[in-house]
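Inside the fold
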Amino acid sequence: MARTVKVAVTGAAGQIGYALLPRLASGEIFGHDTRVALHLLEITPALSALNGVVMELQDCAFPLLDKVVVTDKAEEAFEGINWALLVGSKPRGKGMERKDLIRDNGPIFVGQGKALAKAASDLQVLVVGNPANTNCLIAMTHAHRAGIPRERFAAMTRLDQNRAASQLADKAGVRVGAVTNMTIWGNHSATQYPDAENARINGKPVPEVIGHAAWLREEFIQTVQQRGAAVIAARGLSSAASAANAALDHVMSMERPTAEGDWFSAGVYSEGAYGIQAGLMFSVPVQSQGKGNWSRVEGVKLSDFAREKIKVTEDELKEEKAVIEDLLK
Ligand code: NAX
């Protein structure tokens, strides 16, 4: 047995946690020669529910599941971890504005960002809890002060990528594996821009394969932007299995080299590429060289239409940042 990978999951008693933990422990993510230790963080009132989840994990009898740490203290949860999946945050309540949610959840990521100083030197972080991009910016800012490189942080837009690829495959009548180069630009929110112009189906540009320019520019984009709301309307609960699946896809994409010519989407720190304001966590196309080393894909061609859409989501991220500016100090 080569090694043990330590994975922290926050909000582990929540619905995404429930879908995430068995798959992490099963060996399918880090390989069948790697043990997995789970470091589970919850708020104190949810510890009892979390203990129930841990009982279920025991009852799965996963041969690769190493230690399980259950705690309500971030410093304890993050001790020696290689991966942090920051899922825990409060959901948006009835009548709550996005701004209120940002103010409510932002402080969680100040404390957790600082506590990440306890992690292993190869730490990688994925922020899932909403508003994911801005929460990620907060956590990254505080962790960076403790010496953790900014490029170890990403906000999750993989669910949006998967949703977009699936819509395109359905329209083209192909299997979803035929869709590559799927970029989500910007925020994990209803302003995101899913980029069909640069996506490919069986290696060919999507507009050539699908043809319906109006569908690609209107219905496709809106369907992807509103997919989370559509799932809530149908299920009465927000996406959980697909969100957990996307988080695991992100982890696997970072751990392994990206297939030649392809890329995936992640909300990463902007240094001004593509004219996007520096200092935002902005989803762009990235390629991994494996083991968490990744680079932004440069030179993707953007039409005037794309630039307009990207501006809208950039403006939203600037506004979100302005709302939590004090939490970055
Ligand atoms: P749940 O409400 O089922 O679970 C959240 C859990 O987080 C709860 O158990 C809660 O006790 C815990 N929690 C709250 N504050 C915490 C803290 N300070 N430290 C540790 N744990 C804490 O929500 P769930 O459906 O699991 O969703 C979790 C988050 O993912 C939400 O913010 C949700 O909006 C977000 N999502 C993000 C997605 C993305 O693509 N980036 C998609 C799915 C999902 O909507």
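For the structure itself, look to the data block above.
Residues numbered from 1 in each chain as written. Predicted model: local features only at pLDDT ≥ 70, side-chain atom pairs only at ≥ 80, totals over all residues. Heavy atoms only, no water.

Structural notes on the overall build of the protein chain
- Broken down by element type, the protein chain carries 12 helices and 14 strands.
- Its C-alpha atoms give the protein chain a radius of gyration of 19 Å, near enough to 20 Å, the size a compact globule of 329 residues would have.
- Principal-axis analysis of the C-alpha atoms gives the protein chain an extent of 50 × 45 × 40 Å.
- Expressed as a percentage of the 329 residues in the protein chain, the buried residues total 54%.
- A sequence separation of at least 24 residues applies to 73% of the contacts in the protein chain between residues at least 6 apart. (Helix = DSSP H or I, 4+ residues; strand = E, 2+ residues; numbered from the N terminus. Rg over C-alpha atoms; globule rule 2.2 N^0.38 Å. Buried < 20%, exposed > 50% of the residue type's maximum accessible area, 1.4 Å probe, protein only. Contact = heavy atoms within 4.5 Å.)

Considerations on the pattern of salt bridges
- What the rule picks out here adds up to eight salt bridges.
- The salt bridge involving R23 is made with E28; its shortest N-O contact spans 3.0 Å.
- Note on R23: relative accessible area 24%, which makes it partly exposed.
- The closest approach of N and O atoms between K73 and D72, which form a salt bridge, is 3.1 Å. (Salt bridge = Lys/Arg side-chain N within 4 Å of Asp/Glu carboxyl O.)

Brief notes about the packing of aromatic side chains
- For the structure on display, the rule yields three aromatic pairs.
- Aromatic side chains W185 and Y274 sit 5.0 Å apart centroid to centroid with 80 degrees between the ring planes, which places their arrangement in the edge-to-face category. Here W185, found in strand β8 (residues 183-185), pairs with Y274, found in the loop between β12 (264-269) and β13 (281-290); they are 89 residues apart in sequence, far enough to count as distant.
- Under the relative-accessibility criterion, Y274 is labelled buried at 17%.
- Centre to centre, the rings of W215 and F220 are 5.6 Å apart; their planes meet at 35 degrees, and the pair counts as tilted.
- Lying over the aromatic face of F305, R217 brings its terminal NZ or CZ to 4.1 Å of the ring centre. (Phe/Tyr/Trp six-rings, centres within 6.5 Å; stacked < 30°, edge-to-face > 60°. Lys NZ or Arg CZ within 6 Å of the ring centre and 35° of its normal.)

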